[in-house]
Amino acid sequence: MSLIRYQTPELSNWSSIDRLASFRDEVNRLFDFTWPSRDSGLFSGWSPALDVADDKDNLVVKVELPGMKKEDINLSLHDGVLTVSGERKHEREAKEGGTFRSERYFGKFQRSVTLPSAVDANKVNASYKDGILTVELPKAEEAKPKQIAVNVS
Amino acid sequence: MNATLDNPQSKPAANGNGSSRVNYLTPLANIVETKDGYVLEAEMPGVNKDGLDITVENGELTIVGHRAATEPRGREVYRESRAFDYRRTFELDPSIDTTRVTARIDQGVLTMQLPKAESVKPRKIAVHD
């Protein structure tokens, strides 16, 4: 299954020659859309894409959050669950004239991921660059792979 | 719907490196009209200034965003993002003065100012006695 985020549908018909592609994306989104869980407490239409990678010593979590302010992103770690939340604020309103396309989502979001191994919460490091949040979580000592030397005498 | 228009999501690869087609993501865009023209915003997380390629030709605006190279970090446990580059084409309103179009990108959001030509701006005509 491909994971494609649900996006707000187009509001108007700004003439665009990639209409077929947009339509295909729209159909894909329909099939992939799932209602956000109620217990998140937020009815969010924005579910930023999240990746988790594992090198030997760290977990690396990346979240696509284009156009945010650093201070509007919140990170928390509790019981092995990393939660990224925040709010993207509307900067530009159509004052006169009109809105020809409105596909970007503004408002609150929240994503949580259960980390696949124990991490050292005191050494977590996060950076935000080119609209991508990267969180590096060093694994706890007991979760790191260990080389065991076997002495044959 | 005009089926003869090209599909920007899959274009024949310019470099013959094995695969015959290149996949692109369609960046999400907002377009609003202001007094002086249009403002276009497009979301391209992972793209910085050096990865942008914007062209205006025959009344069409084409935006291509190449992701900044990042070395893969370990084994992928879970993945939702798609590592393709971005591409989208818009047909420009003929009133836009293409010589004065400006673009900047900040935290993965491209913002373009597309000013209208002076000649098409509404002008108030003074009526003399």
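Here the structure is a predicted model, which means the values were calculated and not measured.

1. Description of the sheet that holds strand β3 (residues 29–33) of chain B
Then, in step 1: Pairing is antiparallel across the open sheet formed by five strands, whose spatial order is β5(A)-β3(B)-β4(B)-β10(B)-β9(B). The two strands at the open ends of the sheet, each matched to only one other strand, are β5 (99–102) of chain A together with β9 (102–106) of chain B. Pairs of neighbouring strands in the sheet enclose a mean axial angle of 15°, with direction left out of account.
Then, in step 2: Inspection of the sheet shows β9(B) paired to strand β10 (residues 109–115) of chain B by five bridges, in the antiparallel sense. Among the inter-strand pairings, D106(B) is bridged to a residue of β10(B), identified as V109(B).

2. Describing the confidence of the model for chain B
All names here are of chain B.
Then, in step 1: Predicted confidence across chain B gives a mean pLDDT of 83, with 84% of residues reaching 70 or more.
Then, in step 2: Counted against residues more than four places away or in other chains, residues 1–19, with its pLDDT under 50, gives 26 contacts.
Then, in step 3: Interface confidence for the predicted complex, expressed as ipTM, amounts to 0.76; the pTM equals 0.72.

3. A closer look at the environment of P27(B)
Residues and elements named next belong to chain B.
Then, in step 1: Relative to the elements of secondary structure, P27 occurs in the loop between β2 (21–25) and β3.
Then, in step 2: Exposure remark for P27: the 23 C-beta atoms within 10 Å place this residue in the buried category.
Then, in step 3: Sequence-wise, P27 and E41 are 14 residues apart; in three dimensions their C-alpha atoms are separated by 9.4 Å.
Then, in step 4: Discounting residues that sit within four places of it in the chain, P27 has contacts with A42, E43, M44, G65, Y86 and R88.

About the criteria used
Residues numbered from 1 in each chain as written. Chains lettered and ligands numbered in written order. Predicted model: local features only at pLDDT ≥ 70, side-chain atom pairs only at ≥ 80, totals over all residues. Pairing = 2+ DSSP bridges. Helix = DSSP H or I, 4+ residues; strand = E, 2+ residues; numbered from the N terminus. Axes fitted to C-alpha atoms, helices over the stretch in contact; angles between N-to-C directions. pLDDT = per-residue confidence, 0-100. Contact = placed C-beta atoms within 7 Å. Buried ≥ 20, exposed ≤ 12 C-beta atoms within 10 Å, placed from the backbone.

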